[in-house]
Amino acid sequence: MGQHSPGPPGPQASRQPSSRQAALRGGVLGAGSESEEVGKSGPGSPPVGLLPCLDSACSCPGSLPVVPAPGGCKEGTGSAFTCPARVAQSDHGCAMRTALVYHEDMTAAQLLWEDPECEIERPERLTAALERLRQWGLEQRCLQLAAREASEAELGLVHSPEYVSLLRGTQTLSTRELQALSGQYDAVYFHPSTFHCARLAVGAALQLVDAVLTGAVHNGLALVRPPGHHSQRAAANGFCVFNNVAIAAKYAKQRHGLHRILIVDWDVHHGQGIQYIFEDDPSVLYFSWHRYEHGHFWPYLRESDADAVGQGQGRGFTVNLPWNQVGMGNADYVAAFLHVLLPVAFEGGYHLESLSQSVCMVVKALLGDPALPLSGPMEPHHSALESIQSVRAAQTPHWKSLRQQGSTPILNPSTYSLERRASPVSPGGPKFKAAEAQASAALSSLLDQLHLNPTLPVRTAVALTALDAALVLPADVLRQEGSAPQEETRAWARLHEALAQDKALTALGKVLHLLNGILDGQVSSGIAATPEPAAAPTLDVVIRRSLSHGARRLLCVAVGQLDRPADLADDGRNLWLNIRGKEAAAPSMFQVSVPLPGTTGGFVSCVLALVLPLAYGFQPDLVLVALGPAHGLQAPQAALLASLLRGPAGGRVLVLLEQVSWAGGGCAGGGGGGRWGATSDLLLPPLLPAQGSTSQLAGILARVLQGEAPPGLGPFSMASPEDTQALIYLRGQLEAEWKMLQVAGEAGGHGPG
């Protein structure tokens, strides 16, 4: 369901249909059924673009329908239709990281009679979103897959045979019969095309599962209608006919052998259908944040509250975050991410304008484009903290990671009490429409910022003084070939004797050139290396250069044996965070030191419960990540840290690596300016083994800064008592000033201005 779906006046959002519904269904059970296998498209599937893959070297499941490329095939590709799994593996320039699944037939169903509740669920939901994707040039950046119809066997992964048969029968019902049947459900209407549309919606989700899990793409978006998360085993509900996401999860388990699936349901309404289907299944973790208002917002269910955690073996695998106040903002959602969703995940719209804008933002994120920095004060609402506290209290018995962030959550009593709260909110009333207008205005403002701040043509650049064959970079990551002007480089080098050495001077010139590119808006992010003796002096120069040339707020995450520059002003323009400090200490709110945790769980808790709350609260416009002497991070840990720190500064991240030994030389400077060169044109010279490790780490970091997912951290191990105590101590010292550290609603001081 989208952001502006209805809140029907009746209490019909229950799990099972009424006896009247069951009796009505009995009249169409004799329509017959199809016998189909899971994973095969059924009769009536649209033929356009449904081409089987005949390539024996391809890893696809046998048939992944694709949309013809605009203008036909490119020279040398052989066909205008190419199996996506082979497109992703090819080297002829067609490879794409994000899939877009859609079919125009999903716009066929529409309301045939007057119904104010249902009139907002209309075909324009899809066409407006697709048009906006085209306007923004996002559609052509995606691999376009044509949705197929799901088979009845695939529908049966979740829904009863009788319910599927009932829906099949709607294809031949008259308008009066369709209206009568629709009236037996809560906020649902049927059309002769509903069965076809709903099968396409499910099939689109399954198509996307296949594309991702066969490696054809990294990720994707299925643009579907009707929606699905309210639909239950034997009942349509809230515009939802078949439960698209639930079927996709079951399909991924059966077809592809997945054992652990996370479903994040981000919608104004609670997706009770998904919750009911998986509430006793520990292999599916269902997370939903939704408008609740103490039970006064549709679907008015007690089980939408925080204390609904699942049943039987599934206890702890249902996580509900109910918002009890209208107007939650950036700080509230980030706090929910950091203090509920991500700790658990690591361990174990109908308003056409806002809908289309939201779709564009999702696709940009999937494509790896950096997000805009968050605006507004980063201080969660008191009501949001109450909700987060209640969720953590309900889930702490089931998730050890929630017990490691320095608080003892207490379940907020009686969040559902209807008697003590305001009357239910009517989605058609003034309050709802005011919230709708506010959300739309916020999205419009965000899109205006994107128009003014388009994605930079150079997203990530690498500046190393010497490279070897171990450095493997994506084709669109650029290698900086130039240096800052000699005069500028030598002027900054005079600050430190260690920078006067030839190798250090050469490296400094490359670092400054890369930094200038980021500060001037030529490059979004970058990676540079410094020789071992020059790591701390180079970092000092980078901090000073950044603050004197355009950076208003600079976050420096220094990992390893790196001391904060002694004469650096503690004026609120820079936040220094040292990981692998000798002890947990916070001399001021802008100087924080924490020992490097020794376990995976400890590291994740440190990042989620300390580093990221400080980063989002500080709202920097540039992030420096310095991996200095004895930094102690494994490559996946460094990649995770760099990846997550893309968010607070809108992708503007500079990573400084210490290169232990050096095989290359060269004079500093190299003239004025330099240029950016594609890595595919490089001839990489062989280096020493020690340099190979630096190059390998640079390659991994380049991929995550480019928007790829970081590699896995390996087996999850809990934080040590010492690391937990250090985290508790620092949070206690800092949460009065940094509101993003809070996970409960106690009163505190004011955050930074």
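A brief report on the enclosed structure follows. A quick note: this is a predicted structure, and the numbers were derived from the prediction, not measured. (Residues numbered from 1 in each chain as written. Predicted model: local features only at pLDDT ≥ 70, side-chain atom pairs only at ≥ 80, totals over all residues. Heavy atoms only, no water.)

### So, the overall build of the protein chain
We count it as follows: Every helix listed is a DSSP run of H or I at least four residues long, and every strand listed is a run of E at least two residues long, numbered separately from the N terminus. Per-residue accessibility, obtained with a 1.4 Å probe over protein chains only, is compared with the maximum for each type, and a residue is labelled buried under 20%, exposed over 50%, and partly exposed between these values. What sets the accessible areas is the Shrake-Rupley method with a 1.4 Å probe; for residues, cover comes only from the shown protein chains.
What the protein chain contains, in helices and strands, is 20 helices and 16 strands. Taken over 753 residues, the protein chain has a buried fraction of 58%. Summing over all exposed atoms, the protein chain offers an accessible surface of approximately 29,600 Å²; the carbon and sulfur share of this is 53%.

### A short note on the packing of aromatic side chains
Given two aromatic rings, one states the distance between the centres and the angle between the planes to describe the pair. Put simply, the rule reads: The rule is short: rings of Phe, Tyr and Trp, with Trp giving its six-membered ring, pair when the centres are within 6.5 Å, and they are stacked under 30 degrees, edge-to-face over 60, tilted in between.
Scanning the entire structure with this criterion turns up 14 aromatic pairs. Here the aromatic rings of Phe287 and Trp289 are separated by 5.4 Å at their centres, their planes lie at 75°, and the arrangement is edge-to-face. An identical accessibility class is assigned to Phe287 and Trp289; each is buried. With a centroid separation of 6.3 Å and an interplanar angle of 65°, the aromatic rings of Phe618 and Trp738 are classed as edge-to-face. Note that Phe618 is positioned in helix H17 (residues 600–618) and Trp738 in the segment after helix H20 (721–734), a separation of 120 residues in sequence. For the residue pair Phe618 and Trp738, the accessibility class agrees, reading buried in each case. A connected cluster of aromatic rings, assembled from ring pairs, spans Trp266, Phe287, Trp289, Trp323, Tyr333 and Phe337.

### Side note on the sheet that holds strand E5 (residues 284–291)
Definition in use: A pair of strands is considered paired only if DSSP assigns at least 2 bridges between the two. Axis definition: a line fitted to C-alpha atoms, over the contacting stretch in the case of helices. Angles run 0 to 180 degrees between N-to-C directions.
Taken in spatial order, the three strands make up an open sheet running E4-E5-E6, and their pairing is parallel. The strands lining the two open edges of the sheet, one partner per strand, are strand E4 (261–266) and strand E6 (318–323). Across this sheet, the average inter-strand angle for adjacent strands is 10°, counted without regard to direction. Pairing geometry for E4 and E5, over six bridges, is parallel. Along E5, the bridge assignment pairs Ile261 with Val284.

### Considering the sheet that holds strand E1 (residues 98–102)
Definition in use: Contact definition: two residues touch when any of their heavy atoms are within 4.5 Å.
The parallel open sheet is built from three strands, whose spatial order is E2-E1-E3. Where the open sheet ends on each side, the last strands, each with one partner, are strand E2 (143–146) and strand E3 (219–222). Pairs of neighbouring strands in the sheet enclose a mean axial angle of 25°, with direction left out of account. Where E1 lies against E2, four bridges are found, and the strand directions are parallel. Counterpart to Leu100 in the pairing with E2 is Gln144. Packing against the sheet, helix H7 (residues 194–213) makes contact with E1, E2 and E3, and its axis sits at approximately 175° to E3.

### Topic: the environment of Gln275
So the rule is basically this: Definition of a polar contact: a pair of N or O atoms within 3.5 Å, with one able to donate and the other able to accept a hydrogen when the atoms are protein atoms, and with sequence-neighbouring residues admitted only if both atoms are side-chain atoms.
Mapped onto the elements, Gln275 comes out in helix H9 (residues 272–278). Residues Gln275 and Leu285, 10 residues apart in the sequence, show an inter-C-alpha distance of 9.5 Å. Dropping the residues within four chain positions of it, Gln275 is found in contact with His270, Tyr286, Glu303, Ala308, Thr318 and Asn320. Within the structure, Gln275 has its side chain in polar contact with the backbone oxygen of Glu303 (distance 3.0 Å).

### Some words on the pairing of strand E11 (residues 574–579)
Counting buried residues in E11 gives six out of six residues, a clear majority hidden from the surface. Alternating positions in E11 separate into two faces, Asn574, Trp576 and Asn578 on one and Leu575, Leu577 and Ile579 on the other, with burial throughout. In terms of strand pairing, E11 meets strand E13 (residues 591–594) through four bridges, oriented parallel. If you follow Asn578 over to E13, its bridge partner there is Ser593.

### Describing the environment of Val164
Along the polypeptide, Val164 turns up in helix H5 (residues 161–169). Judged by its relative accessible area of 3%, Val164 is buried. Sequence separation between Val164 and Ala153 is 11 residues; the distance between their C-alpha atoms is 9.8 Å. Apart from the residues within four sequence positions on either side, Val164 is in contact with Glu152, Leu155, His159, Phe195 and Phe242.

### What to know about the packing of helix H10 (residues 330–347) against H17
Selection criterion: For this classification, under 35 degrees means roughly parallel, over 145 means roughly antiparallel, 65 to 115 means roughly perpendicular, and everything else is oblique. Crossings are classed by handedness, with left-handed meaning an anticlockwise turn of the near helix from the far one by less than a right angle and right-handed meaning a clockwise turn.
Contact pair H10 / H17: the axes reach a minimum separation of 10 Å and the direction vectors enclose 165°. Between H10 and H17, the interaxial angle falls into the category roughly antiparallel. Our pair here, H10 against H17, has a crossing hand that is right-handed. Where H10 approaches H17, its residues Val334, Leu338, His339, Leu342, Pro343 and Phe346 are matched on the opposing element by Val604, Leu608, Leu612, Pro613 and Tyr616.

### So, the pattern of salt bridges
Which entries qualify depends on this criterion: Salt-bridge detection follows one rule: a side-chain nitrogen of Lys or Arg within 4 Å of a carboxyl oxygen of Asp or Glu.
One pass over the full model with this rule turns up 16 salt bridges. A salt bridge links Glu149 to Arg199; the shortest N-O distance between them is 3.8 Å. Here Glu149 is found in the loop between E2 and helix H4 (152–155), whereas its partner Arg199 is found in helix H7, with 50 residues between them in sequence. One salt bridge in this structure joins Arg552 and Asp621, with 3.4 Å as the shortest N-O distance. Here Arg552 is found in the loop between helix H16 (535–548) and strand E10 (554–559), whereas its partner Asp621 is found in the loop between H17 and strand E14 (622–627), with 69 residues between them in sequence. On the basis of relative accessible area, Asp621 is assigned to the buried category, the value being 14%.

### Focus on unusual backbone geometry
Excluding glycine, most residues fall at negative phi; most peptide bonds, likewise, are trans. Cis geometry is adopted by the peptide bond preceding Pro226, which originates at Arg225 and carries an omega value of 5°. Its place among the elements puts Pro226 in the loop between E3 and helix H8 (244–256). In this model, Trp298 is joined to Pro299 through a cis peptide bond whose omega is 15°. Note on placement: Pro299 falls in the loop between E5 and E6.

### With respect to helix H6 (residues 175–182)
Selection rule: Relevant arc is that of directions from the helix axis to the C-beta atoms, nothing else.
Taken residue by residue, H6 has Leu178, Leu181 and Ser182 as its buried positions. Buried positions in H6, seen along its axis, are confined to an arc of 100° and lie on one side of it.

### What to know about the environment of Arg545
Note on placement: Arg545 falls in helix H16. A residue is classified by how much of its surface remains accessible, and Arg545, at 9% relative accessible area, is buried. Linking Arg545 and Asn516, residues 29 residues apart in sequence, is a C-alpha distance of 8.9 Å. Once residues within four sequence positions are removed from consideration, Arg545 is found in contact with Glu488, Trp492, Leu512, Leu515, Asn516 and Leu519. A distance of 3.5 Å separates the side chain of Arg545 from the side chain of Glu488, its partner in a polar contact. Looking at Arg545, its side chain comes within polar contact range of the side chain of His549, at 2.8 Å.

### Looking at the pairing of strand E12 (residues 585–588)
Bridge count for E12 against E13 is two bridges, and the pairing is antiparallel. Bridge pairing in E13 places Ser588 opposite Gln591.

### Examining helix H18 (residues 635–644)
With eight of 10 residues buried, H18 is to be regarded as a mostly interior element. All of the buried residues along H18 are Gln637, Ala638, Ala639, Leu640, Leu641, Ala642, Ser643 and Leu644.

### Describing the nonpolar core
What tends to happen in soluble globular proteins is that the nonpolar side chains get buried as a cluster. Put simply, the rule is: What is meant by a nonpolar core is a set of buried Ala, Val, Leu, Ile, Met, Phe, Trp, Tyr and Cys residues, joined one to another through side-chain atoms within 4.5 Å.
In this structure, Ile527, Leu641 and Leu645 are the most contacted members of the largest nonpolar core, which totals 81 residues. Looking at which element gives the most residues to this core, the answer is H17, with 13 residues. Apart from residues lying up to four places away in sequence, Ile527 is in contact with Ala461, Val462, Ala463, Leu514, Leu654, Val655, Leu657, Ala698, Leu701, Ala702 and Leu705. Ranked by size, the runner-up nonpolar core spans 43 residues in total, among them Leu157, Phe242, Ile274 and Tyr286.

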